[in-house]
Amino acid sequence: MDIKQLIETWEIHNRINLYLLDAINEEHLADISASKGRNVGEQFAHIHNVRLMWLKAAAPDLLIGQNKIEKGTISKKLLSDELISSATAIASLLQSGLESGRIKGFKPHPIAFLGYLISHESHHRGQIMLCLKQSGHPVDPKVQFGLWEWGTR
């Protein structure tokens, strides 16, 4: 098992999230899907806040300096800054978990935890894309394809 490659996979995934965020106009953070639920900005905030939930459960010391994103405070800069910060903390959690073979509070193992995080956040990226499309603000096709360019992100 190459721990460095697993951490790099997490980092690429986070850069994909930031790439999408960067492509969205600030005013479109308020876009919402036809079926209601979280708006675009709230989807990104949820991604960050779930990371904090895992940090609290598995490694509370990594929560130092982390801030939950509350509704009504959302901006692209805040989302970007906090997603970068929480991704760094999650990378630390993954590093220690992969070295020890365990993430506290998660089964079966740290590689599955990485898969869980990427699956969860990718689901919300899809929700974000749907919100934007249904609101008449789809992201540029170049960005849509760019979400899959893991070798260059």
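The structure displayed is predicted, hence computed values, not measured ones. (Residues numbered from 1 in each chain as written. Predicted model: local features only at pLDDT ≥ 70, side-chain atom pairs only at ≥ 80, totals over all residues. Heavy atoms only, no water.)

Here we look at helix H4 (residues 110-134)
An ideal rise of 1.5 Å per residue puts 36 Å on 25 residues; H4 measures up with 36 Å between its terminal C-alpha atoms. Listed as buried for H4 are Pro 110, Phe 113, Leu 114, Leu 117, Ile 118, His 120, Glu 121, His 124, Arg 125, Ile 128, Cys 131 and Leu 132. Here the buried face of H4 lies against helix H1 (3-22), helix H2 (40-58) and helix H3 (76-100). (Helix = DSSP H or I, 4+ residues; strand = E, 2+ residues; numbered from the N terminus. Expected span 1.5 Å × (residues − 1). Buried < 20%, exposed > 50% of the residue type's maximum accessible area, 1.4 Å probe, protein only. Contact = heavy atoms within 4.5 Å.)

With respect to the packing of H3 against H4
Between H3 and H4, the shortest axis-to-axis distance is 9 Å and the interhelical angle comes to 155°. Between H3 and H4, the interaxial angle falls into the category roughly antiparallel. Residues Ile 90, Leu 93, Leu 94, Gly 97 and Leu 98 of H3 lie in contact with H4, whose contacting residues are Pro 110, Ile 111, Phe 113, Leu 114 and Leu 117. Residues that form the contact of H3 with H4 fall into these classes: nine nonpolar, one polar and no charged. (Axes fitted to C-alpha atoms, helices over the stretch in contact; angles between N-to-C directions. Parallel < 35°, antiparallel > 145°, perpendicular 65-115°, else oblique. Nonpolar A, V, L, I, M, F, W, Y, C, P; charged D, E, K, R; others polar.)

Some thoughts on the packing of aromatic side chains
Following the criterion strictly, the structure yields six aromatic pairs and no others. Judged by centre distance (5.3 Å) and plane angle (75°), the ring pair of Trp 54 and Phe 113 falls under edge-to-face. Here Phe 113 lies in helix H4 and Trp 54 lies in helix H2, a separation of 59 residues in the sequence. Judged by relative accessible area, Phe 113 falls into the buried class, the value being 0%. On the numbers, 5.7 Å between centres and 75° between planes, the contact of Trp 54 with Tyr 116 is edge-to-face. With Trp 54 in helix H2 and Tyr 116 in helix H4, this residue pair connects regions lying 62 residues apart in the sequence. You can call Tyr 116 partly exposed: its relative accessible area is 32%. An aromatic cluster is defined as three or more aromatic residues linked by ring pairs; in this entry it consists of Trp 54, Phe 106, Phe 113 and Tyr 116. Here Arg 153 stacks its cationic end above the ring of Tyr 19, 3.8 Å away from the centre of that ring. (Phe/Tyr/Trp six-rings, centres within 6.5 Å; stacked < 30°, edge-to-face > 60°. Lys NZ or Arg CZ within 6 Å of the ring centre and 35° of its normal.)

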